[in-house]
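# Summary of the model geometry
The lines below spell out each chain.
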Amino acid sequence: MKTSVKSSVKTYEMLINGKFVKARNGGVRDILDPASGELLAVVPEAGRADVKLAVEAARKAFDEGPWRKTTAQDRGKLLFKIGDLIRANAKALAELEVRNMGKPLAEAEYDVADAANCFEFYGGLATKIHGETMSVPANSMSFVVREPIGVCGQIIPWNYPLLMSAWKIAPALASGCTVVLKPSELTPLTALFLARLMHEAGAPAGVVNVVSGPGAGAGEELAESPLVDKLAFTGGTATGRKIALAAVGNLKKLTLELGGKNPNIVFADADFDSAVDGALFAAFANQGEVCSAGSRLLVEKSIKKRFVAAMLAKIPRIKLGHGLGAGVKMGPLVSAAHRDKVEAMIKAGVHEGAKLVCGGGRPKGAEFAKGFFLEPTIFDEVKPTMRIAREEIFGPVLSVLEFKDEAEAIRLANDTEYGLAAGVWTLNVNKGIRVLKELRAGITWLNTYHPTFNEMPWGGYKQSGNGRELGLYGIQAYLETKQININLDEAPLGWY
């Protein structure tokens, strides 16, 4: 989309082959502050031609450049330097994340620190890529080595722009791959800021490329390109299916971290106050714009009425406002279009007969008039067949269902096409672990919700994706396995 640039608005450039550039066709996109609707920045609107240049640069850097032969120690040093630069620019990055995406400052500050931790974790792991040897017949040797996959296309969502950039880029660089990262067209600013930090840290030309553009065109080119060896995508399941089909062209390796409709199970013997806090945090952190959000709250029948009342009593404590405001716990949704989608799901819940017990509308007041705010919303008396119990809403909407016993809780929890995350609340540890083992989900919590660790794998079952990110699994996703056999016998084989 074209725009006229105001002098007070920052203009960004993309990083392609070690240079900061505009889109070849001159296209630009306005980036708005979702809390005020004001113009925040102008970024290049990359098209297929720009992505082709970035991919070609990454291809050349991998095939002909020194990066693949750079020592693991030097790759690790680069990642540590990037981590240092993120920390040095933490305040600016956090504020930019708030203004671009809308989340509260405290959450953005945590994300920035975690992004630095991610680069540092993989900086240390760069020197821990090991192979293996095998017992073989006499006079021969056989061993296995791990090698970088090659050029990696990486497409990230709008809800955790900086953190998702780190999750993708850090393990790829640690393994010796080159990358082309495409952030969401809605929230590209911290990824473009990170591009400058990686350039400043000394990333060689073509090793890291960051292009800002839409999925149509830019994203499609990245998914379809025969020069890309691996594709890593985080986003909605429907888009993930399209990307998987596009990647079939050259049988790219795929990592897909997709959607979720995650159950959060509260038993009657849970610590009541902790479970209430945990249920609200699971549903409303980051405005509910989280793939792992605990958006389906399953509460044991004997305490459900009391539990819902306790949640309603705490809703007024969730202060809405601009993420930079004092005490704000929930910011705006990312865009007007996304708010419209969430509101449509709320209307569907009412239409299907769920009981709207709080929220459901836009907050009143001048400070909310121009932003994309939505009240924290809770539905009670939700049936498992309702859309709000089955479809990912990706907003501050919590659906409450009841169960009578452990078996029904497990059945309801697993009654979904997704399998990303799940939580269980009970003081009976044996029961808690027993239930967690039965849940078909990749990330599970007992008596907590949402903590994530760079050292542990992240990913889902069923239609929540393929593969894992983070931890040792995250770097393995960027490595190929090669078998090498050596004959130590100089005599002819004598077969013929």
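Let me sum up the structure you'll find in this document. What you see is a predicted model, and the numbers here were worked out from it, not measured in a lab.

### Some thoughts on the pattern of salt bridges
- Summed over the entire model, instances satisfying the criterion amount to 26 salt bridges.
- Of the charged contacts in the structure, one is a salt bridge between E13 and K22, with a shortest N-O distance of 3.3 Å.
- Look at K22 and you get exposed, because its relative accessible area is 57%.
- Counted as one network, the salt bridges with shared partners bring together R48, E220, E221 and E224.

### As for the nonpolar core
- Of all hydrophobic cores here, the largest spans 105 residues; its most connected members are Y122, F307 and M311.
- Ranked by residue count, the leading element in this core is helix α5 (residues 161-175), at 10 residues.
- Apart from the residues within four sequence positions on either side, M311 is in contact with V276, A279, L280, L297, I378, L398 and V400.

### Description of the packing of helix α3 (residues 90-101) against helix α4 (residues 105-125)
- Where α3 meets α4, the axes come as close as 8 Å, and the angle between the chain directions of the two elements is 130°. On the basis of the axis angle, α3 is oblique to α4. For the pair α3 and α4, the crossing hand works out as right-handed. When α3 is examined against α4, the residues A90, L93, A94, E95, E97 and V98 are found in contact with a partner set consisting of L105, A108, E109 and V112.
- Of the residues that constitute the contact of α3 with α4, the class distribution is 7 nonpolar, no polar and 3 charged.

### So, the packing of aromatic side chains
- The final tally for this structure, using the stated rule, is 7 aromatic pairs.
- Centroid distance F121 to Y122: 4.9 Å. Interplanar angle 75°. Geometry classified as edge-to-face.
- Taking the centre distance of 5.5 Å and the plane angle of 75° together, the rings of F272 and F307 count as edge-to-face. With F272 in helix α9 (residues 272-284) and F307 in helix α10 (residues 301-314), this residue pair connects regions lying 35 residues apart in the sequence. Per residue, the accessibility class of F272 equals that of F307, and both read buried.
- The ring of Y12 has K10 sitting right over it, with the charged end atom 5.1 Å from the ring centre.
- Here the guanidinium or amino end of R68 rests over the ring plane of F62, the centre of that ring lying 4.5 Å away.

### Considering the sheet that holds strand β13 (residues 263-266)
- The mixed open sheet is built from 7 strands, whose spatial order is β15-β16-β17-β14-β13-β19-β20. For this open sheet the edge positions go to β15 (355-358) and β20 (443-446), each flanked by a neighbour on one side alone. For this sheet the average axis-to-axis angle between neighbouring strands, irrespective of direction, equals 20°.
- With 4 bridges joining them, strand β19 (residues 421-425) and β20 adopt parallel strand pairing.

What counts, and at which threshold
- Residues numbered from 1 in each chain as written.
- Predicted model: local features only at pLDDT ≥ 70, side-chain atom pairs only at ≥ 80, totals over all residues.
- Heavy atoms only, no water.
- Salt bridge = Lys/Arg side-chain N within 4 Å of Asp/Glu carboxyl O.
- Buried < 20%, exposed > 50% of the residue type's maximum accessible area, 1.4 Å probe, protein only.
- Core = buried A, V, L, I, M, F, W, Y, C linked by side-chain atoms within 4.5 Å.
- Helix = DSSP H or I, 4+ residues; strand = E, 2+ residues; numbered from the N terminus.
- Contact = heavy atoms within 4.5 Å.
- Axes fitted to C-alpha atoms, helices over the stretch in contact; angles between N-to-C directions.
- Parallel < 35°, antiparallel > 145°, perpendicular 65-115°, else oblique.
- Left-handed = near helix turned anticlockwise from the far one by under 90°.
- Nonpolar A, V, L, I, M, F, W, Y, C, P; charged D, E, K, R; others polar.
- Phe/Tyr/Trp six-rings, centres within 6.5 Å; stacked < 30°, edge-to-face > 60°.
- Lys NZ or Arg CZ within 6 Å of the ring centre and 35° of its normal.
- Pairing = 2+ DSSP bridges.

These results come straight from atomic positions and should not be treated as a statement about function.
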